[in-house]
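Spelled out from the first residue to the last, the chains are:
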Amino acid sequence: RFHHTSLFNLCSCSKTVSDEKYQDPFQLGRKDLKNLYEDIKKELLVSTAELKEMCEYYFDGKGKAFRPMIVVLMARACNIHHNNSREVQASQRSVAIIAEMIHTASLVHDDVIDDANSRRGKMTVNQIWGERKAVLAGDFILSAASVALARIGNTTIISVLTQVIEDLVRGEFLQLGSKENENERFAHYLEKTFKKTASLIANSCKAVSILGCPDPKVHEIAYQYGKNVGIAFQLIDDVLDFTSCTDRLGKPTAADLKLGLATGPVLFACRQFPEMNAMIMRRFSKPGDVERARKYVLQSDGVQQTTYLAQRYCHEATREISKLRPSPEREALIQLTEMVLTRDK
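Small disclaimer: the values here were computed from a predicted structure and weren't measured. (Residues numbered from 1 in each chain as written. Predicted model: local features only at pLDDT ≥ 70, side-chain atom pairs only at ≥ 80, totals over all residues. Heavy atoms only, no water.)

Enquirer: I'd like to hear about helix H14 (residues 264–272), residue by residue, with values.
Expert: Most of H14 is tucked away: seven of the nine residues are buried. Of the residues making up H14, those classed as buried are Gly264, Pro265, Val266, Leu267, Phe268, Ala269 and Cys270. Here the buried face of H14 lies against helix H10 (182–212), helix H11 (216–243), helix H13 (255–258), helix H15 (276–281), helix H16 (289–299) and helix H17 (302–321). (Buried < 20%, exposed > 50% of the residue type's maximum accessible area, 1.4 Å probe, protein only. Helix = DSSP H or I, 4+ residues; strand = E, 2+ residues; numbered from the N terminus. Contact = heavy atoms within 4.5 Å.)

Enquirer: Summarise helix H4 (residues 49–56); cite the residues concerned and give the values.
Expert: Within H4 the residues assigned to the buried category are Met54, Cys55 and Glu56. Residues of H4 that are buried make contact with helix H3 (36–43), helix H7 (125–129) and helix H8 (131–152).

Enquirer: Could you give me a rundown of the packing of aromatic side chains, with the residues and numbers involved?
Expert: Considering all chains together, one arrives at seven aromatic pairs under this definition. Chaining the aromatic ring pairs together yields one cluster made of Tyr57, Tyr58 and Trp129. Over the ring of Phe233 we find Arg67, and its NZ or CZ is 5.4 Å from the ring centre. The ring of Phe233 carries the charged tip of Arg343 above its face, separated from the ring centre by 3.9 Å. (Phe/Tyr/Trp six-rings, centres within 6.5 Å; stacked < 30°, edge-to-face > 60°. Lys NZ or Arg CZ within 6 Å of the ring centre and 35° of its normal.)

Enquirer: Give a detailed account of the packing of H10 against H14, specifying residues and quantitative values.
Expert: The geometry of a pair of packed helices is captured by two quantities: the angle between their axes and the separation between those axes. One can describe the packing of H10 onto H14 by two numbers: an axis separation of 10 Å at closest approach and a directional angle of 165°. Here H14 runs roughly antiparallel to H10, going by the angle between their axes. Helix-helix and strand crossings are classified by hand; for H10 and H14 the assignment is left-handed. Along the contact surface, H10 presents Glu182, Arg185, Phe186 and Tyr189, while H14 presents Gly264, Leu267, Phe268, Cys270 and Arg271. (Axes fitted to C-alpha atoms, helices over the stretch in contact; angles between N-to-C directions. Parallel < 35°, antiparallel > 145°, perpendicular 65-115°, else oblique. Left-handed = near helix turned anticlockwise from the far one by under 90°.)

As structure tokens, this is what we get:
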């Protein structure tokens, strides 16, 4: 069970100092991600032009490729830790491709569920082609990811990565429900955050560590790093929904409130403004609820508290990855925890 209070007992971890010079994670991961989107398009063997266009719509090379980058950096860090190999195996790179495909399929489906009209600064698949076709496009991307996964030919890896798809569905169901009890509500929110966002990063990191190193301790380090970074990433995403402008974010702000979702900043604000409880229970459905809730959040310390919680998860991720042998990739993964906290879109 994820419970927010357990994190506050963590030791405060100072930033790991290493002889390895500072490495920009994006620069370091770039060579392994060269032609990433072209390779994904090769996996999407589609005969009909319309389905092809829909499936390739988000693979336009304009995304940050944040997840594949973590995966290839983790692959290198684990390979170096195990036998000082600085090469990423083909199967490990396949995991990075599969992770991005699963993630993108989930975005296509999420946009249908949320009736979203913009994503990454452009119209969503469901807005252009309609909901029915968007659902099928998401399914098709998932099926292509499953074929690529089977091709790796390792049953453990198949089992680790199919867990992600199960978690995505369970996370979406958790998001559709809500809890009456305030403490349960926070645990529910963190569990949903793990399943919808962090499970993909945690299990992809674990998968490449299994392919690169036989030590179960290393698999656990990779998993824990991915889990903690993933939760922090989503917490900051929830903060940006209140603090960023639509132009920077590439999607409308206060979107979560409009969808009836009580994220971290709202749950923390609710402690200072208990009148928000009723709004949370009716999922901000009354006229004026969204504006009032947004005002309460910005008057409270909800944004700061959520950011602080994200920092605790990043400290924990750093603590875990620091157990690996020093390498530029390990340092880049530590650097990445800082970037997660300071991003503005």
